[in-house]
Amino acid sequence: MTLNNKTTFVLFFVLIVLSTLAGCTSDRQEVVKPFKDQVDSLLAVMTLEEKIGQLNLVGRDGNLDSATRIGPDKAEAIRKGHIGSLIGVVGAGFNREVQRIAVEESRLGIPLLFARDVIHGYKTLTPVPLAEAASWDLGAIEKSARMAAFEASASGINWTYAPMVDVSRDPRWGRVMEGAGEDPYYGSLVAAARVRGFQGNDLNLNNTILACAKHFAGYGSPMAGREYSITDISMRELYEVHLPPFKAAFEAGVGTYMTSFTEINAIPATVSRFLLTGILRERWGFDGFVVTDWSTITQLMEHGVVADSASGAAVSLKAGVDMDMGSLAFVNYLKSQVDEKRVTEADIDTAVRRILLAKYRLGLFEDPYRYADPEREKREVLTSENRELARDIARKSMVLLKNEGQLLPLSKSLKTIAVIGPLADDKRAFMGRWKAEGNKGGVITLVRGIKNKLPDANVLFARGADFESDDRSGFQEALAVARQAEAVILAVGESQRHSGEASTRASIDIPGVQLELVQKIHALDKPVVVLLFNGRPLTINWLKDNIPAILEAWIPGTEGGNAIADVVFGDYNPSGKLPMTFPHSVGQIPVFYSYKNTGRPDDGSGSRWVSGYYDIPNEPLYPFGYGLSYTTFEYFDLQLGKPKIEMDDTIRVRMKIRNTGPVKGEEVIQLYIRDLLASVTRPVKELKGFKKVMLEPGESKTIKFQLSANDLMLLNEELKWITEPGEFQLMIGSSSSDIRLEGKFELFQ
Ligand code: GLC
């Protein structure tokens, strides 16, 4: 006998009232967790099948046509309570209809979660996350995520699979595009900013969405940089490098985590009880839910750790997975695993509670349709305000790598400009791989952006080459166009396909024959600016040696062309700094600024008996934290509060900076420390603070930093975080290798 909706609702309501009354009379021993009673009451009336359905996340059906986002089978599964969340089903009107099926046509009316990979914008796309990280503007990064949440939530989405917080030092791995680069300290700050942006202060609002810290954990160090490869790292690297941004996301209140495809030291993350329960739950106290990455449960058979999907379902649930993305292992096999006593219903209840709690926190039980308002969708998506925000952070993310003879900014009085290269007018490349519902038609390409900036100029365009073919047939046209111009802007780099997931590259040169095209244009001996479009650091050695002006434009998003024109023609002075090292050679990888000194450091003496290479230097092509400006800055007057600081004291640092150049500009002042003597080896420098300041020409400012003993902690031999007394070097600079001021202080017990 099935209860019909009305009976169920009455029963459900009665249970709520009883549990609330009970609560009023009993002396509450435990801390009242919001929604605990509601979750428990609902759980009490759910069948095992309905509980397992809440653990099942499936994708959309068919093509993007709104009539086929979910087919009749999925609609029926929703009615039966066999699906709890959907991914990739978007559109306020459409989601309203699907939600109605869940709420009005299933027995218990439990609302669905609607998820999407809103990684760097929803319809109005901001630059890719690695580019946004180059802005070193945490406020702008948070606002970018906030805007994405506004647009996504207006279109029926209440859960995003972002921020990706994997730290990586391997630019062969295409997914560095999605992260914040190589540094755990900076990556932690960016992770928290993005979580705050997506979730706001109140998940109950209809313009905040559940965030997801991914990919837990250690995905950023795939062996050989190869996608989906194993991660075989020391526990030290796991704790020092990979976990901090995930911890920062937890401390920022992230609602969900996603397991990574990789194994961590021979245990696939999806069945790593150490990670999913030991670290997340027992050590950190996380109370949200864990979703797998796509089909990782069935992939356990490929890993060779389970014999079949039924075992995969049991082992991953026991390890701490709450929701199965796309493999159907939970919905197909968990019931049998309960029958076979490999999992208990209580194990399932634990996962269901976490998911129901998230749905309550989102306010979906109060108003299941709050994220499906077609009128709001029309008003709040791809607005001019959102475009301006995207343009602003795109400007801030660009990094001026070279500017010999101050060739940039170009004059606005130029009459004829040649814009050449496969990236000059490619809308897809400007959106990147995680383009969500990005509107190709709305993308401002480089050519369009320059025409917008200089409406009276004669802007000549030639593609010149493809992204990666060896077709040189376009060279002649490109040379002909360049010959007519007063200046040439070359747009080269990677296509939309070259970075992102499943895009590991063994070579990180500019693909195809694009460099040859640059060399032919360079031979014309005209003023040449190269704009680089890429989702990862590239080995651009020839460009660095021969091209006078190079601007890193990354994958700049919907307003990319306008933002680039703002920078190239001087309406914005570039302020970006690299969040990830550009190697001199792919042979240096992993290469990063916070390296260890070794017992035989390269002391520059030319001796071969030092830690180095036979054929290349140790130094990277461009270091972490590097970026030029159209102006210059002088760092001076470093003052340390006290040379000797007690453990519980604060280290106060102040310095002055002056704009010594012709135009106003922003500088990212970076503070590094080095622990000069410790019980374990320590990096030659570690970023421990930064300030981004705007200065008018001639203006100077006093900048203050504060450090505490916590900022100086190290992981000792027993892998415990401690602070050791001793001497520390303090360095302040314009990049990790451009240290302008130095000092020392001593920490004592
Ligand atoms: C992908 C990615 C993950 C993404 C998920 C859903 O395979 O690894 O980052 O969120 O599937 O699209």
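The structure displayed is predicted, hence computed values, not measured ones. (Residues numbered from 1 in each chain as written. Predicted model: local features only at pLDDT ≥ 70, side-chain atom pairs only at ≥ 80, totals over all residues. Heavy atoms only, no water.)

**Student:** I would appreciate a short explanation of the overall build of the protein in the present structure.
**Tutor:** Along the protein, the regular secondary structure elements total 22 helices and 26 strands. In summary, the protein has a C-alpha radius of gyration of 27 Å against a globular reference of 27 Å for 749 residues, a match within 12%. Taking the principal axes of its C-alpha atoms as reference, the protein extends roughly 85 × 65 × 50 Å. Out of the 749 residues belonging to the protein, those deemed buried represent 60%. The long-range share in the protein, meaning contacts at least 24 apart out of those at least 6 apart in sequence, stands at 78%. Per element, the accessible surface of the protein, about 28300 Å² overall, is 51% carbon and sulfur. Charge-centre separation for the protein: the mean point of 87 positive side chains lies 2 Å from the mean point of 95 negative side chains. (Helix = DSSP H or I, 4+ residues; strand = E, 2+ residues; numbered from the N terminus. Rg over C-alpha atoms; globule rule 2.2 N^0.38 Å. Buried < 20%, exposed > 50% of the residue type's maximum accessible area, 1.4 Å probe, protein only. Contact = heavy atoms within 4.5 Å. Areas by Shrake-Rupley, 256 points an atom, 1.4 Å probe, with all protein chains shown as cover. Lys, Arg positive; Asp, Glu negative; His and termini not counted. Charge placed at Lys NZ, Arg CZ, Asp CG, Glu CD.)

**Student:** What exactly am I supposed to notice about the site of the ligand here?
**Tutor:** Around the ligand sit Ile87, Asp117, Tyr161, Arg175, Lys214, His215, Met258, Phe261, Asp293, Met325, Trp434 and Glu501, and those are all the residues in its vicinity. In this structure, an oxygen atom belonging to the ligand sits 3.0 Å away from a side-chain N or O atom of glutamate 501. Computed on the free molecule, the ligand has an accessible area of 310 Å², of which 91% lies beneath the protein chains in the complex. Partitioned by chemical class, the residues of the shell around the ligand number six nonpolar, one polar and five charged. (Near = heavy atom within 4 Å. Polar contact = N/O pair within 3.5 Å; in protein donor to acceptor, adjacent residues only side chain to side chain. Nonpolar A, V, L, I, M, F, W, Y, C, P; charged D, E, K, R; others polar.)

**Student:** Could you clarify how one ought to interpret the layout of surface pockets in this entry?
**Tutor:** Left-over empty space is what a probe sized like a water molecule reveals as it rolls over the atoms. When its volume is computed, the largest pocket comes out at roughly 1400 Å³. In terms of lining, the largest pocket is formed by 49 residues, of which the most central are Pro184, Tyr239, Glu240, Val241 and Pro244. Those elements that place two or more of their residues in the lining of the largest pocket are α8 (184-199), α9 (235-251), α10 (273-283) and β21 (686-695). Broken down by element, the residue count for the lining of the largest pocket peaks at 10 residues, all from α9. In terms of residue class, the lining of the largest pocket is built from 24 nonpolar, seven polar and 18 charged. The computed volume of the second largest pocket comes to approximately 820 Å³. What lines the second largest pocket is a set of 29 residues, among which Phe592, Tyr595, Asn618, Glu619 and Val684 lie closest to the centre. Put simply, the parts of the chain that give the lining of the second largest pocket at least two residues each are β25 (726-735) and β26 (738-748). (1 Å grid on protein atoms, 1.4 Å probe; cavity = no way out; pocket = protein on both sides within 12 Å on 5 of 7 lines; lining within 4 Å. Points joined across faces, edges and corners; volume = space filled by probe spheres on them.)

**Student:** Before we go on, may I ask you to explain the sheet that holds strand β10 (residues 324-325) in this structure?
**Tutor:** By definition, the strands of a sheet pair up through backbone hydrogen bonds, in either a parallel or an antiparallel sense. Spatially, five strands are ordered β4-β3-β2-β1-β10 in an open sheet, and the strand pairing comes out parallel. Both outer strands of the open sheet, β4 (159-160) and β10, are each paired with one neighbouring strand and no more. Of the pairings in the sheet, the one linking strand β3 (residues 113-116) to β4 comprises two bridges and is parallel in character. Directly across from alanine 115, in β4, lies its bridge partner tryptophan 159. (Pairing = 2+ DSSP bridges.)

**Student:** In this structure, what is going on with the pairing of β3? I would like to understand it.
**Tutor:** A regular strand places its side chains so that they alternate between the two faces of the sheet. What you see with β3 is no split at all: Leu113 and Ala115 on one side and Phe114 and Arg116 on the other are buried throughout. Pairing between strand β2 (residues 85-87) and β3: three bridges, direction parallel. Residue pairing for β3: isoleucine 87 is matched across the bridge by alanine 115. Viewed along the sheet, the connection from β2 through helix α5 (residues 92-105) into β3 turns out right-handed. (Right-handed = clockwise from strand over helix to strand, strands pointing away.)

**Student:** How should I be thinking about the environment of arginine 196 in this particular structure?
**Tutor:** Among the structural elements, arginine 196 can be located in helix α8. Separated by 12 residues in the primary sequence, arginine 196 and threonine 208 place their C-alpha atoms 9.5 Å from one another.

**Student:** In this structure, what is going on with the sheet that holds strand β17 (residues 633-640)? I would like to understand it.
**Tutor:** Ordered by their spatial adjacency, three strands build an open sheet running β17-β19-β22, and the pairing between neighbours is antiparallel. At either margin of the open sheet sits one strand with a lone partner, and together these are β17 and β22 (700-708). Along the sheet, successive strands turn relative to each other by an average axial angle of 25 degrees, direction set aside. Bridge analysis of β17 against strand β19 (residues 650-659) gives six bridges, and the strand direction is antiparallel. Bridging from a neighbouring strand, leucine 640 pairs with valine 653 of β19. (Axes fitted to C-alpha atoms, helices over the stretch in contact; angles between N-to-C directions.)

**Student:** Is there a simple way to explain the pairing of β25 in this structure?
**Tutor:** Burial of β25 is extensive: nine of the 10 residues sit out of reach of the surface. Relative to β25, strand β20 (residues 665-675) runs antiparallel, the two being bridged by six bridges. Its bridge partner being in β25, glutamine 670 is matched across the sheet by glycine 733. Across nine bridges, β25 lies against β26 in antiparallel orientation.

**Student:** What is the right way to look at the environment of aspartate 322 in this model?
**Tutor:** Mapped onto the secondary structure, aspartate 322 falls in the loop between α12 (309-319) and β10. The buried category is assigned to aspartate 322, whose relative accessible area is 1%. Taking C-alpha positions, aspartate 322 is 16 Å from phenylalanine 261, a pair spaced 61 residues apart along the chain. Not counting residues within four places of it along the chain, the set of residues in contact with aspartate 322 comprises Leu55, Arg281, Gly288, Phe289, Val290, Phe330, Ala351, Arg354 and Ile355. There is a polar contact of 2.8 Å between the side chain of aspartate 322 and the side chain of arginine 281. Engagement of the side chain of aspartate 322 in a polar contact is seen with the side chain of arginine 354, the distance being 2.8 Å.

**Student:** Quick question: what am I supposed to make of unusual backbone geometry here?
**Tutor:** With the exception of glycine, most residues fall at negative phi, and the peptide bonds are largely trans. Following lysine 214, the chain continues into histidine 215 via a peptide bond in cis, with omega recorded as 0 degrees. Examined against the element boundaries, histidine 215 turns out to sit in strand β5 (residues 212-216). Across the junction of leucine 408 and proline 409, the peptide omega takes the value -5 degrees, indicating a cis bond. Looking at where proline 409 falls in the secondary structure, it is placed in the loop between β11 (399-403) and β12 (416-420). Positioned with a positive phi, tryptophan 136 is a non-glycine residue whose angle comes to about 50 degrees. Assignment of secondary structure puts tryptophan 136 in the loop between α6 (129-133) and α7 (138-154). In the Ramachandran plot, threonine 598 falls in the positive-phi region, its phi being about 65 degrees despite a non-glycine side chain.

**Student:** How do you make sense of the packing of aromatic side chains when you look at a structure like this?
**Tutor:** In this description, an aromatic ring pair is defined by two values, namely the gap between the centres and the angle between the planes. The tally for this structure, following the rule as stated, stands at 24 aromatic pairs. Between the aromatic rings of tryptophan 159 and tyrosine 161, the centroid separation amounts to 4.8 Å while the plane-to-plane angle is 75 degrees, which identifies the pairing as edge-to-face. Exposure remark for tryptophan 159: the relative accessible area of 0% places this residue in the buried category. A residue is classified by how much of its surface remains accessible, and tyrosine 161, at 1% relative accessible area, is buried. A cation sits over an aromatic face here: lysine 544 above tyrosine 622, 4.9 Å from the ring centre. (Phe/Tyr/Trp six-rings, centres within 6.5 Å; stacked < 30°, edge-to-face > 60°. Lys NZ or Arg CZ within 6 Å of the ring centre and 35° of its normal.)

**Student:** Before we go on, may I ask you to explain the pattern of salt bridges in this structure?
**Tutor:** Two side chains bearing opposite charge may form a pair once their charged atoms approach each other closely. Scanning the model with the defined rule gives 50 salt bridges in all. Between glutamate 345 and lysine 51 there is a salt bridge whose closest N-O contact spans 2.6 Å. Placement of glutamate 345 in helix α14 (residues 345-361) and of lysine 51 in helix α3 (residues 48-54) is noted, with a sequence separation of 294 residues between them. Its relative accessible area of 6% is what places lysine 51 among the buried residues. Close ionic contact of arginine 463 with aspartate 466 constitutes a salt bridge, the shortest N to O distance being 3.5 Å. With a relative accessible area of 29%, aspartate 466 lands in the partly exposed category. What you see here is one network of salt bridges that share partners, running through Asp137, Glu388, Arg391, Asp392, Arg395, Lys396, Lys412, Lys453, Asp566 and Asp571. (Salt bridge = Lys/Arg side-chain N within 4 Å of Asp/Glu carboxyl O.)

**Student:** Hey, could you run me through the side chain of glutamate 686 in this one?
**Tutor:** Inspection of the secondary structure puts glutamate 686 in strand β21. Polar contacts involving the side chain of glutamate 686 include one to the side chain of arginine 682, which spans 3.3 Å. Contacts of glutamate 686, omitting those with residues within four sequence positions, involve Tyr593, Leu671, Tyr672 and Ile673.

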